[in-house]
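So the chains spell out like this:
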Amino acid sequence: MITVLALVGNPNCGKTTMFNSLTGSDQYVGNWPGVTVAKKGGMLLNHPDCEVVDLPGIYSLSPYTLEEVVTRDFLVNEHPSVIINIVDASNLERNLYLTTQLLELEIPVVLALNMMDVVNSNGDEIDIARLAKELNCKVVPIAAINGSGVDELIKLAVEVAKEKVSNQALPIFNDTEEIAVRGIERLLPDRESTQLKRWLAIKIFERDPKVFEQIKISSNLLARMDALRNGCEKAEEDDAESIVINARYRYITSTLRDCIKKKLRTWELSVSDKIDNIVTNRVLALPIFFIIMWAVYYIAIQTLGSMSVESMQAVFGFISEQLTNLMVIGGVSLTIQSLIVDGVIGGVGAVLGFVPQITILFLFLSFLEDCGYMSRAAFIMDRAFRQFGLSGKSFIPMLVGTGCSVPGIMATRTIENEKDRRLTIMLTPFIPCSAKMPVFVLFAASLFPKHSWVGPSMYFWGIIMVVVSGMLLKRTSPFAGEPAPFVMEMPAYHMPGSRTVLKHTWEQVKSFILKAGTIVFAASVLVWFLQSFNTSLVLVEPTKSMLADIGHFLAPVFLPQGFGNWQAAFAAITGFLAKEAIVSTFAILAGSGDGAGSKADLVLTLQTIFTPASAYAFMIFTLLAAPCCAAVGAIRSEMGSWKWTLFAVGYQTGLAYLLAAIIYQVGSRL
Amino acid sequence: MRNLKEVAVGQTVTVVKIEVTGAIKRRIMDMGITKGTTVFVRKIAPLGDPIELKVRDYELFLRKEDAEKILVE
């Protein structure tokens, strides 16, 4: 039988570092069924019969946040062999709060005291033997960062798992509370489960909604339980949920008084405090924030990022060329040639072309996240962004989105709140990405040669639509409802380990290739197919292809926007593949795909197809409508559901359709 | 008695009552802001909100709209 070790602990307690060193490279990362919370697991190094599961970082087993519910369900339903509770020893009080809850689950618990080095350098002393005795569980000091103590911890955890002796719930309650909880425990019918009775009793006492959904208790018994709870609430003049929380902290405070000797604090600031006094300073915070953001943007998107994209394009261009030559020599049919070069390599190129850029970007983001700056960013920007329903961390995805929506959408992972995250994912594609720029430049140059404001005005529309949509959507049912709590920890700064940062980056890149990649690839091949064949499946010019037929069919739809012609509809569809493809599509349609003087032809064609008003409407449509398939793939992978993906794309396209129509109708009458 | 939003930066106060409900109340209390806890108001964000606190030997921040519902003395 496989021994399952579950890693549980607060965020920022060193859990991820620990997980990486326990499992080495042998890991899997996925999502929990139905939700986007990451599920990580792997086999324990040198222990082929032990699996390690890394549960989301949480502060409590409350029934309110996704991470907490996922952790709870896993522990209660899957019943792992042992819980390794990683605890930040420099912040025992809050960390042990979760421990008191874990000890009620009838699963053996081993406590790993991490960051003892910080405790020692602070001059504090923890009586570990005493702590172990008080909590009645095994306690091991470790330093996850350099791996000391980890071997001993694992040995102990495996031993404890084999013994199968679970820990006792801690005596957190006073007499009044204990009588009520024990009374509820006795009333619980045996068929509910002989296990976890104490846990269930506490949950019923604190009116946990999730537990009430699951258990079936007669109304008669429920009324008797209510009476017990009410009596206790009346005696303590507080609600049951608060009574339990207070009891836990009361117990921890009194226990720690005996186990920890704190050196008297001189009012000397720690290094982290000193850094913070500058970084979140009233005057300097915003400039520093913008400089950091600009640096990330400049390196990951502009210089190194765009260089990497160009070199990937060159690599794929070279491969296509060589393959074409080979196939010509080998006498391969034109259809197969086109399939391989334009369909397959084009598709693979569209996926892999982004990989170096995403890697660079995520290296930066992982570093900022792991060193503790991201929570400062949320602290600094929260006020500005929550006016329109977004989070303090929404700035980063939007900024990255000016380069490319794909990494922008993926950068939303640092946003804790699910609603804020979804909204940011939906709105990030409104920011004009670098692929939309060639389209705007071409249209501005062709139809508005004397109006230099036309190109840049797209940024204005993008930002306005983010703000307006945020304020509107915040009031709709998927995003409204009870405001989510915004209480965040500000962890002390620390230098992240390079291993952790690299691992973090690799996980994100891998998930992009796997999840977004399949959609991009499928869409590339599909558009290639539609663009290369007619309905009798004969290889034809794009102007006579199925896609042209679809363009003819769809054209009337765009009459209100003033571009109800098949060429524009055709271009909008190829734009789904990649926005910059709109430019090359018009070039092909102008019959100037390959040849000198094509630019003039292209301009002339655009001038015959569009009026200034319909051209501006087309630019707006390109800006806002469903992003390219790579971005849709990223939306799908980050939303974790097709329903949300369709909602996002539907909203974007609907808004684009509406605004383009208004612009044309108003513009053509001016 | 006043609420936490009104406390000046640099002052230390004791929590008397938390007048929020549901998920927000649970979260605030889970993070260690319970009745009788000492809270040190450390900083206000550059844009005037949220506020940074020191509670139980660590730092956290919350929005003024939530701080307003935490009574202290």
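This structure is a prediction, so every number in the text was calculated from the model and none was measured.

**Considering the overall build of chain A**
Consideration 1: When helices and strands are counted, chain A shows 29 helices and ten strands.
Consideration 2: Pairs at least 24 apart in sequence give 72% of the contacts found in chain A among residues at least 6 apart.
Consideration 3: Surface accessibility of chain A: about 29100 Å² in total, with carbon and sulfur atoms responsible for 63%.
Consideration 4: In chain A, 54 side chains carry a positive charge and 59 a negative one; their mean positions are 3 Å apart.

**Some points on the domain arrangement of chain A**
All names here are of chain A.
Consideration 1: The domain boundaries assigned to chain A delineate domain 1 (3–163) and domain 2 (175–261).
Consideration 2: Computed from C-alpha coordinates alone, the two centres of domain 1 and domain 2 are separated by 25 Å.
Consideration 3: Across the interface of domain 1 and domain 2, roughly 2300 Å² is buried in total on both sides, 60% from carbon and sulfur atoms.
Consideration 4: Inspection of the domain 1/domain 2 interface yields three salt bridges.
Consideration 5: Ionic pairing is found between arginine 248 and glutamate 104, a salt bridge with its closest N-O pair at 2.9 Å.
Consideration 6: Between the two partners, domain 1 and domain 2, sit seven residue pairs in polar contact (both at pLDDT 80 or more).
Consideration 7: Elements that contribute at least two residues to the side of domain 1 that touches domain 2 include exactly helix H2 (66–78), helix H3 (92–102), strand S7 (125–126) and helix H5 (128–135).
Consideration 8: Residue contributions to the side of domain 1 that touches domain 2 peak at seven residues, all from H3.
Consideration 9: Each residue belonging to the side of domain 1 that touches domain 2 can be placed in one class, and the counts come to twelve nonpolar, two polar and ten charged.

**What about the packing of aromatic side chains?**
A ring pair, where both rings are aromatic, is described by two values, the distance of the centres and the angle of the planes.
Consideration 1: All told, the structure shown has 28 aromatic pairs over all chains when counted by the stated rule.
Consideration 2: Summarising the aromatic geometry, the rings of phenylalanine 430 of chain A and tyrosine 651 of chain A are spaced 6.5 Å apart at their centres and angled 35° between planes, so their arrangement reads as tilted. In this pair, phenylalanine 430 of chain A is assigned in the loop between helix H19 (418–427) and helix H20 (437–447) and tyrosine 651 of chain A in helix H29 (residues 642–667), connecting sequence segments 221 residues apart.
Consideration 3: The exposure class of phenylalanine 430 of chain A is buried, given its relative accessible area of 0%.
Consideration 4: Summarising the aromatic geometry, the rings of phenylalanine 558 of chain A and phenylalanine 563 of chain A are spaced 5.2 Å apart at their centres and angled 25° between planes, so their arrangement reads as stacked.
Consideration 5: Assessed through its relative accessible area of 9%, phenylalanine 558 of chain A is described here as buried.
Consideration 6: Through a chain of ring-to-ring contacts, three or more aromatic side chains come together here, namely Phe443, Phe558, Phe563, Phe586, Phe610, Phe618, Phe621 and Tyr657 of chain A.
Consideration 7: The ring of tyrosine 58 of chain B has arginine 94 of chain A lying over it, and the distance from NZ or CZ to the ring centre is 4.2 Å.
Consideration 8: Arginine 376 of chain A extends its terminal NZ or CZ atom over the ring of tyrosine 493 of chain A, reaching a point 4.0 Å from the ring centre.

**Overview of a nonpolar patch on the surface**
Consideration 1: Together, Phe460, Ile464, Val468 and Leu472 of chain A make up a nonpolar patch on the protein surface, roughly 350 Å² of accessible area in all.
Consideration 2: Among the secondary structure elements, valine 468 of chain A is positioned in helix H21 (residues 457–473).

**Here we look at the environment of asparagine 91 of chain A**
Consideration 1: Assignment of secondary structure puts asparagine 91 of chain A in the loop between strand S5 (82–88) and H3.
Consideration 2: With 284 residues separating them in the primary sequence, asparagine 91 of chain A and serine 375 of chain A have C-alpha atoms 18 Å apart.
Consideration 3: With residues near it in sequence (within four places) discarded, asparagine 91 of chain A still touches Glu489 of chain A together with Arg56 and Tyr58 of chain B.

**Digging into the sheet that holds strand S1 (residues 2–3) of chain B**
Sheet strands pair by backbone hydrogen bonding; their relative direction is either parallel or antiparallel.
Consideration 1: Across the sheet, seven strands lie side by side as S10(A)-S5(B)-S4(B)-S3(B)-S2(B)-S6(B)-S1(B); this open sheet has antiparallel pairing. Edge positions in the sheet fall to strand S10 (487–489) of chain A together with S1 of chain B, since each has one partner strand and no second.
Consideration 2: Relative to strand S6 (residues 70–72) of chain B, S1 of chain B is paired through two bridges, and the arrangement is antiparallel. The residue bridging asparagine 3 of chain B from the neighbouring strand is leucine 71 of chain B, located in S6 of chain B.
Consideration 3: Contacts from helix H12 (residues 271–279) of chain A reach strand S3 (38–44), strand S4 (51–55) and strand S5 (58–62) of chain B, with the element oriented near 40° to S3 of chain B.

**Here we look at unusual backbone geometry**
Consideration 1: That bond from aspartate 49 of chain B to proline 50 of chain B is cis: its omega, -5°, falls within 30 degrees of zero.
Consideration 2: With respect to the secondary-structure elements, proline 50 of chain B resides in the loop between S3 and S4.
Consideration 3: For leucine 537 of chain A, which is not glycine, the phi torsion reads 60° and is therefore positive.
Consideration 4: Within the secondary structure, leucine 537 of chain A sits in the loop between helix H22 (498–532) and helix H23 (546–554).
Consideration 5: In this structure leucine 537 of chain A comes out as exposed when scored by relative accessible area, which is 52%.

Parameters and conventions
Residues numbered from 1 in each chain as written. Chains lettered and ligands numbered in written order. Predicted model: local features only at pLDDT ≥ 70, side-chain atom pairs only at ≥ 80, totals over all residues. Heavy atoms only, no water. Helix = DSSP H or I, 4+ residues; strand = E, 2+ residues; numbered from the N terminus. Contact = heavy atoms within 4.5 Å. Areas by Shrake-Rupley, 256 points an atom, 1.4 Å probe, with all protein chains shown as cover. Lys, Arg positive; Asp, Glu negative; His and termini not counted. Charge placed at Lys NZ, Arg CZ, Asp CG, Glu CD. Domains from an automatic or database assignment. Buried area = accessible area lost by both parts, 1.4 Å probe. Salt bridge = Lys/Arg side-chain N within 4 Å of Asp/Glu carboxyl O. Polar contact = N/O pair within 3.5 Å; in protein donor to acceptor, adjacent residues only side chain to side chain. Nonpolar A, V, L, I, M, F, W, Y, C, P; charged D, E, K, R; others polar. Phe/Tyr/Trp six-rings, centres within 6.5 Å; stacked < 30°, edge-to-face > 60°. Buried < 20%, exposed > 50% of the residue type's maximum accessible area, 1.4 Å probe, protein only. Lys NZ or Arg CZ within 6 Å of the ring centre and 35° of its normal. Patch = residues over 30% accessible without salt bridge, like charges linked within 9 Å, V, L, I, M, F, W, Y side chains within 5 Å. Pairing = 2+ DSSP bridges. Axes fitted to C-alpha atoms, helices over the stretch in contact; angles between N-to-C directions.

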